[in-house]
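# Descriptive structure summary
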Amino acid sequence: MSEAEKYVMTASAAFDFDGEPVSFYRCNAGHINDTFFVQCGEGRPEYIVQRVNTNIFKNPEQLMENIYGVCEHVKKKVIAAGGNPERDVRKIIFTKDGGKYYIDEEGGYWRAYLAIDHVVSLNEADKNSFYKSALAFGHFFTQLADYPAETLHETIPNFHNSKSRYNDFKRAVEEDRLGRAKEARELIDFALSKEDKCSYILDGIKRGDIRICVTHNDTKLNNVLLDEKTGDGVCVIDLDTVMPGSVLYDFGDSIRFGASTAREDETDLDKVEMDLEMFEIFTKGFLEELRPTMTDAEVLGLPMGAYLMTYETAVRFLGDYLNGDTYFKIHYPTHNLDRAKNQLKLIRDMDKKMPEMEEIVRRYL
Ligand code: ADP
Ligand code: GN1
Ligand code: MG
């Protein structure tokens, strides 16, 4: 039994569930938190119980304040549009004494949500689900367009600052704490050679033609729940990184994950490519929702958004490998190295396909 599993049932008992928790199973999809589905017996709702990764989210109180604010805001939009506030937005469940967290005896922070029925969270995209995810993430962005951004805490500073990601990576290479750099020299040199690309979004923001809005910042496909039958977007989840950012971040991260022809940790790199048809499908859905509010520079910048979100993820995986795997959950010793190789293969492919990606977005000008 893992460290977190020891506390799932005690933590669950602290929340104001409809029924008493009787069983649980772990969800292995996310790389950050410990996530469990908890059952309360026949005919009772199911719940998501999560131990927050406080190694990463240093201020869980502020984190939950953000999430509560965002969920309440989205809930109002859902109700105004005649939607279902128990399904179309994450429902936070409080503890029996009204708190947003249960703290276990080792200081672990636990929170709970209502689980949503008849939905899927996918790790690989097909055309329909990818298109629907684009509409869902685009719609979520719209729902937050009037959210008071200044009230959001920065849960992870410089989260999508590509330059600072580059610098963190360079530092990890220089420190080479575990002597792992020698086995990844070629990969490291390739990653370091892309330094000049890192200022693209930052320069646009400085010029004012790329706006700062409230963004999700972690829009991979498994962070949106889709209806199991129709594939329609039901609810955007994983709100830990909702912070001010650029629309290019949300577009880019979805492309990085969903428009790849293989999973993020596929080790047969011949299988890893940027699928231009999927790129086009996502672009269509995303811009159907968001084009009217976007600047031309943002539309033109979408391919670089995809490029930089992939690049950031690559150097974060590789940096984490060099640092001794302290950030992302891994399932075997070289998992982060394999993920980095995979993401950098996608970068090589995008280096070739950039003209076609640019051609696709130009149609929306
Ligand atoms: P992490 O930060 O670790 O990615 P998430 O909040 O994204 O944590 O949760 C991890 C995974 O748990 C998600 O990718 C999704 O597959 C699953 N999950 C989370 N909440 C729900 C939910 N309400 N219904 C169904 N699956 C969920
Ligand atoms: C993490 O939390 P999860 O698994 O949905 C990470 C993202 C990365 C992603 C790579 C808070 O997302 O930034 O892009 O892994 N989340 C955080 O798969 O760092
Ligand atoms: Mg997640």
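Residues numbered from 1 in each chain as written. Chains lettered and ligands numbered in written order. Predicted model: local features only at pLDDT ≥ 70, side-chain atom pairs only at ≥ 80, totals over all residues. Heavy atoms only, no water.

Attention now goes to the site of ligand 2. Near ligand 2 there are 17 residues, and of these His31, Lys220, Glu264, Arg316 and Tyr327 occur at the shortest range. Between an oxygen atom of ligand 2 and a main-chain N or O atom of histidine 31, the distance comes to 2.7 Å. One of the side-chain nitrogen or oxygen atoms of arginine 256 is found 3.5 Å away from an oxygen atom of ligand 2. At the level of secondary structure, the elements contributing two or more residues to the shell around ligand 2 comprise α7 (247-258) and α9 (296-323). Of the residues assigned to the shell around ligand 2, the class counts are six nonpolar, four polar and seven charged. In this structure, the shell around ligand 2 is formed jointly by two domains, domain 1 (3-115) and domain 2 (127-362), each of which donates at least three residues. (Near = heavy atom within 4 Å. Polar contact = N/O pair within 3.5 Å; in protein donor to acceptor, adjacent residues only side chain to side chain. Helix = DSSP H or I, 4+ residues; strand = E, 2+ residues; numbered from the N terminus. Nonpolar A, V, L, I, M, F, W, Y, C, P; charged D, E, K, R; others polar. Domains from an automatic or database assignment.)

In this section: helix α5 (residues 185-192). Buried within α5 we find Leu187, Ile188, Phe190 and Ala191. Summarising the axial view, the buried residues of α5 lie within an arc of 160°, below the 170-degree limit, and thus occupy one face. (Buried < 20%, exposed > 50% of the residue type's maximum accessible area, 1.4 Å probe, protein only. Arc of directions from axis to C-beta.)

Only Asn223 (OD1) and Asp238 (OD) from the protein coordinate the magnesium ion (ligand 3), and they sit 2.1 to 2.3 Å from it. Residue asparagine 223 is found in the loop between β8 (213-215) and β9 (224-227), and its partner aspartate 238 is found in the loop between β10 (233-236) and β11 (243-245); the two are separated by 15 residues along the sequence. (Donors = N, O, S within 2.8 Å, 3.2 Å for Na, K, Ca; no water.)

Before going further, it helps to examine the site of ligand 1. Surrounding ligand 1, one finds 20 residues, the nearest of these being Asn33, Gln50, Arg90, Ser121 and Asp238. Interatomic distance of 3.0 Å between a backbone N/O atom of asparagine 222 and an oxygen atom of ligand 1. Interatomic distance of 2.9 Å between a side-chain N/O atom of aspartate 238 and an oxygen atom of ligand 1. If you list the elements that add at least two residues to the shell around ligand 1, you get β2 (34-39) and β3 (47-51). Each of domain 1 (3-115) and domain 2 (127-362) gives at least three residues to the shell around ligand 1.

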